[in-house]
Amino acid sequence: MIQLKSRLNVIDNSGAIVAECIKVLRNAKWAEVGDEIVVSVKKARPISDKTAASQSAAKIRKGDVRRAVIVRTKKEIRRPDGRYVRFDDNACVLLNNQQQPLGSRILGLVSAELRFKNWVKVVSLAPRVV
């Protein structure tokens, strides 16, 4: 359950490290795995002049406001077969304007609920789906 001011780890290679939720994009006070939120980047990797010239990826800086999809939550998720799944941290993946992941790689595992919520591109980039 991610709400206003919740901090999330960013698990793609877009350049952001930590993001803070500033809006839940559905009519609720909290968001869960597979929901889209608006985040503010709180910590980002430094951009040097050499890497900026060679990289064609978007430069993410501290303070940038972006959309993201939640891929892991500490709050447990109930599966249809009765099992509960919970992760060690809250994590998200940043999105561009076309609802596609901003980075070209996803580092770490993601929840299987993303497949049922039509985030197929995020699932296909992830090294492991739990």
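The name that an unreviewed UniProt entry assigns to the protein chain is Large ribosomal subunit protein uL14m, with the source organism given as Coemansia asiatica. Database annotation for the protein chain, UniProt heading Sequence similarities (unreviewed entry): "Belongs to the universal ribosomal protein uL14 family."

Thoughts on unusual backbone geometry
Even without being a glycine, Q99 presents a positive backbone phi close to 65°. One non-glycine residue, N118, lies in the positive phi region at around 65°. Tracing the backbone shows N118 in the loop between helix 2 (113-116) and helix 3 (120-125). Look at N118 and you get exposed, because its relative accessible area is 65%.

Focus: the environment of D88
Tracing the backbone shows D88 in the loop between strand 6 (84-85) and strand 7 (91-95). Taking the relative accessible area as the measure of exposure, D88 reaches 75% and is therefore exposed. As a C-alpha pair, D88 and S40 span 48 residues in sequence and 22 Å in three-dimensional space.

Concerning the side chain of S6
By the element assignment, S6 lies in the segment before strand 1 (7-10). For S6, a relative accessible area of 14% translates into the label buried. Contacts of S6, omitting those with residues within four sequence positions, involve A19, E20 and C21.

Side note on the pairing of strand 7
Burial of strand 7 is extensive: five of the five residues sit out of reach of the surface. Residues of strand 7 alternate between two faces, with A91, V93 and L95 on one and C92 and L94 on the opposite face, all of them buried. Where strand 1 meets strand 7, two bridges bridge the pair, whose relative direction is parallel. When the bridges of strand 7 are listed, V10 appears paired with C92. Bridge analysis of strand 4 (residues 65-72) against strand 7 gives five bridges, and the strand direction is antiparallel. In the sheet register, R72 faces strand 7, and the bridge partner there is A91.

Things to note about the pairing of strand 3 (residues 36-44)
With seven bridges joining them, strand 2 (residues 16-24) and strand 3 adopt antiparallel strand pairing. Paired with A16 across the bridge in strand 3 is A44. Pairing geometry for strand 3 and strand 4, over five bridges, is antiparallel. The partner of V39 across the bridge, within strand 4, is R66.

Cut-off values and rules
Residues numbered from 1 in each chain as written. Predicted model: local features only at pLDDT ≥ 70, side-chain atom pairs only at ≥ 80, totals over all residues. Heavy atoms only, no water. UniProt positions renumbered as here; feature names shortened; annotations may be inferred. Helix = DSSP H or I, 4+ residues; strand = E, 2+ residues; numbered from the N terminus. Buried < 20%, exposed > 50% of the residue type's maximum accessible area, 1.4 Å probe, protein only. Contact = heavy atoms within 4.5 Å. Pairing = 2+ DSSP bridges.

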